[in-house]
Amino acid sequence: MPDRKWSLQNEPASLENRSVRRVEDERLLIGKGRYAADQTPPNSLFAQFLRSPHAHAQITELDVREARRAPGVVAVYTAQDLEAGGVGALPCGWRISDSKGEPMVTPPHFPLAKDRTRHVGDPIAVVIAETKRQAEDALEAIAVEYDPLEAVVDAADASQPGAVQIWPEASNNLCCAWEIGEDSAVESAFEIASTIVPIELRNNRLVANPMEPRSIVASYDAGSKRYKLITCSQNPHSARATLANHILRIPENRVQVICGDVGGGFGARINVYPEDAALIWAAGRLERTISWTASRLETFQTDTQGRDHKTKAWLALDEDGHFLALRVRTLANMGAYLGQSGSAIASYYYAQLLSGVYRIPAIHCEVRLVFTNTVPIDAYRGAGRPEATYVLERLVDKAAQASGVDRVALRQRNFISRDAFPYTTPLGLTYDCGDHEKTLQAALVGCDYVSLQDRKKAAESRGLLYGFGLATYVEIAGAYPARITRQYGSASGRSESAHVRVHPGGTVSVFTPMQANGQGHETSFAQLVAERLCLNMDDIEIVEGDTDRTPLGRGSAASRSLVVGGTALARALDKIVAKAQKIATYLLNCNEDALIFHDGFFETVDKRGRISFREVSKAAYDGIGFPLDEIEPGLEAIAFFEPENWTYPAGCHACEVEVDPETGQVRIAKLVAADDVGNVVNPMIVHGQIHGGLAQGIGQALFEDCIYEAESGQLITASFMDYAIPRASDLPMFDVELCPTPTSLNPFGAKGCAEVGSVGIPPAIVNAVLDALQPYGVETIEMPLTPERVWRAIQHGAATQTTDKRRAPR
């Protein structure tokens, strides 16, 4: 007998809040997944891109004649070829404005660099040949000469007067000087404050590195005059819109985008990339199928990257430890070009979360978005929310030290209380619900906080330093409410849809524009259908990843799969049940209000009439037993959903660390994530999503750092030999505590869970390490907390203490 907790074979629901085993895992684990590169048909051509070895250079010569004559080469294209072919630039999806209402500087981003390259890996030409090896060999035959220019990779350096200009229209490389909040209110609060706590932070740059490198299979059918792109995207319909409207400039119905299994997204798969644009155009030009898969080096050099902030912040408190005001000044590195959402992430998605879980009456934030000779910055798991939480939670810990108030008590003193919801922050967000005391207490209990001193003493007896850290957070999920984001400069709406088709035999196909890249849609969505229609999950098919088969939608990003896509699905299911019930009233010869649907049957209240959902499904297509002039045959429905607000997951992450003072090695001894993600459909999947976010948050805190050489702009961390991601042995056991306060913004009460792990844990780890290093007087340390960096902080602290003792009067 199977374990009923995990198996769902032939078992109808109730399924919500059940840990049902993921149905997609079997094919993925036995190598039967269908990734983009797996869908390369026989006789395809293969592409390779010539990329700039310079971070900044003028192209003085580009001769591809010899390459075009190379064995097996079918075509070589440059920017001039694409321009002559009418290929457009890659669009930026958000156009923000500065405090004066002036729009940000938006330079063009063409698929191939035309006259100048602006980061290492910038594509210059594409070779298309009969084999991949022939395409690689032909790259060597391209004659290209550069006039190297000075490069700048740091946002602070790029902002200085006299710094090299990356774009002539962006003076001092400034994309936009954006701000939010009332500076005058902050200034007034600072004048009466008892304490003002400053901090200066760096939020390190990260590389997403999904398991599956970017892959493309582009083709064109001359008979139908239609293009097809098989790729690994998080949002196929958005990719189709970009390719049709901006790149090829043709009607959208002439472009099909297909995504199979996607080996990780993390935000880096939201964008349409230069390679997508160049190859779909080339496929039409050649009327051949073209395949390309990025190398891991190309992943490092070309996939959009995340974070990279430099921030100064000040928190004002009164004499009782209540927060009065917050001022933040941030330099946000945008890279060489603007990505799909990079400008919004550095502004609205970041700054609007600076109130966090606290009552802070006045907040003002200024963000200077700056161009540099680096890969573009865009969405990476959490996208703005981890940056905001890091600033706030590091600052609150420092404020606790400065004011002499216990760090737990200081947070409690300034929490937005449960009875204060809905709560509107001074930056304009309206949190609908939450219970921050509940998640804090869950984290403290999970860590056995009352016994902390015992564990510290035990560690000290082994020659180790022991520290405790925590961070509370709130984030936004369920993107994107159009009524809000249009005010921010979003170029399009973000409604979601679902199409449900009930077949005559009572089985169901769900067509959703959401796109799984690890979230378990085939399981969670099937659970929702099985619960609503009282079916077995084996009878439910989830179809996604094909713009020809699925209705219009905006895919998977910002934890929106369930709260937005699932809501559209719920509305479509309601329409199915309503129509089926109407048909059942005729089949049972009763009034509609005398009929109820439960356990897979429509039954009269007096229990004299009963008919199964499957029987109604068959009757719906037969057209027998109900008036066709009143009810159309068939049983399917489409529904759309536009969210009225974001949802607001929140929580508290706490951890304990051991630090070896001899080596600087940090080990996470205990980690508790107490998260309010609202109601849960499948706890196992939710725990998995949170585990993934925690792993990436730990990676940022302890291991990962994307580094460019300052003078040349070369990417130093361009492989896994130099860029460290955490391995299984680096991660502790995760204790995840779910503390829901259901939202009313969707029928499930769900808030979203995919990004919370990456939001709260980095500041908790840094706070814990600084707590451990208190004996050495270490007050700040930059992420990632590598052994060398921690060891040097200890040595510097020890030396400073020794010097201070020598200087002290006897």
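Cut-offs used in this document
Residues numbered from 1 in each chain as written. Predicted model: local features only at pLDDT ≥ 70, side-chain atom pairs only at ≥ 80, totals over all residues. Heavy atoms only, no water. Buried < 20%, exposed > 50% of the residue type's maximum accessible area, 1.4 Å probe, protein only. Helix = DSSP H or I, 4+ residues; strand = E, 2+ residues; numbered from the N terminus. Arc of directions from axis to C-beta. Contact = heavy atoms within 4.5 Å. Pairing = 2+ DSSP bridges. Axes fitted to C-alpha atoms, helices over the stretch in contact; angles between N-to-C directions. Salt bridge = Lys/Arg side-chain N within 4 Å of Asp/Glu carboxyl O. Patch = residues over 30% accessible without salt bridge, like charges linked within 9 Å, V, L, I, M, F, W, Y side chains within 5 Å. Areas by Shrake-Rupley, 256 points an atom, 1.4 Å probe, with all protein chains shown as cover. Phe/Tyr/Trp six-rings, centres within 6.5 Å; stacked < 30°, edge-to-face > 60°. Lys NZ or Arg CZ within 6 Å of the ring centre and 35° of its normal.

In this section: helix H13 (residues 407-414). Within H13, the full set of buried residues consists of Arg407, Val408, Leu410, Arg411 and Asn414. For H13, the angular spread of the buried residues around the axis is 165°, confining them to a single face. In this structure, the buried residues of H13 make contact with strand E15 (309-317), strand E16 (323-335), helix H12 (385-403), helix H14 (436-447), strand E20 (465-474) and helix H21 (756-772).

Attention shifts here to the pairing of strand E5 (residues 123-129). Across the seven residues of E5, seven count as buried, placing the element largely inside the fold. By the bridge criterion, six bridges tie strand E1 (residues 45-51) to E5 in an arrangement that is antiparallel. Residue pairing for E5: Leu50 is matched across the bridge by Ala125. Sheet analysis places strand E3 (residues 73-78) next to E5, joined by five bridges and oriented antiparallel. Residue Ala75 lies in a different strand from E5, and its bridge partner there is Ile128.

Turning our attention to the sheet that holds strand E30 (residues 735-738). One open sheet holds the four strands; their spatial order is E20-E28-E29-E30, and the pairing between them is mixed. Both edges of this open sheet fall to E20 and E30, since each of them pairs with a single strand only. Going from strand to strand, the sheet's axes swing by 15° on average, the running direction of each strand aside. Note that strand E29 (residues 666-676) and E30 share four bridges and pair parallel. Residue pairing in the sheet places Val672 in a bridge with Asp735 of E30. Across the sheet, H14 lies against E20, strand E28 (650-659), E29 and E30, angled at about 145° from E29, the strand it touches most.

Counted under the stated rule, the structure contains 44 salt bridges. With a closest N to O distance of 2.8 Å, Glu275 and Arg51 form a salt bridge. Residue Glu275 is found in helix H8 (residues 274-286), and its partner Arg51 is found in strand E1; the two are separated by 224 residues along the sequence. In terms of burial, Glu275 and Arg51 fall into one category: buried. In this structure, the salt-bridge partner of Arg327 is Asp183, at a minimum N-O distance of 3.0 Å. Of the two residues, Arg327 sits in strand E16 while Asp183 sits in helix H6 (residues 183-192), which places them 144 residues apart along the sequence. The class for Asp183 is partly exposed, based on a relative accessible area of 32%. Several salt bridges share partner residues, and in doing so they unite Arg51, Arg214, Arg269, Glu275, Glu298 and Asp303 into one network.

Another aspect to go through is a nonpolar patch on the surface. Together, Leu552, Ile638 and Phe640 line one region of the surface with nonpolar side chains, adding up to about 270 Å² of accessible area. Among the secondary structure elements, Ile638 is positioned in strand E27 (residues 636-641). You can call Ile638 partly exposed: its relative accessible area is 41%.

For the rest of this paragraph, the subject is the packing of aromatic side chains. By the definition in use, this model includes 16 aromatic pairs. Centroid distance Tyr77 to Trp281: 4.9 Å. Interplanar angle 70°. Geometry classified as edge-to-face. Here Tyr77, found in strand E3, pairs with Trp281, found in helix H8; they are 204 residues apart in sequence, far enough to count as distant. By the burial criterion, Tyr77 is buried, and Trp281 matches it. Note on Trp94 and Tyr349: the rings are 6.5 Å apart at their centroids and 80° apart in plane angle, and the pair reads as edge-to-face. Taken together, the residues span a long stretch of sequence, with Trp94 in the loop between helix H3 (79-84) and strand E4 (116-117) and Tyr349 in helix H11 (residues 348-351) at a distance of 255 residues. Each member of the pair, Trp94 together with Tyr349, is buried. Grouping aromatic residues by their ring pairs yields a cluster made of Trp94, Tyr349 and Trp646. One cation-aromatic arrangement involves Arg214 over Tyr273; the distance from NZ or CZ to the ring centre is 3.8 Å. One Lys or Arg, Arg610, reaches over the ring of Phe601 and ends 3.6 Å from the middle of that ring.

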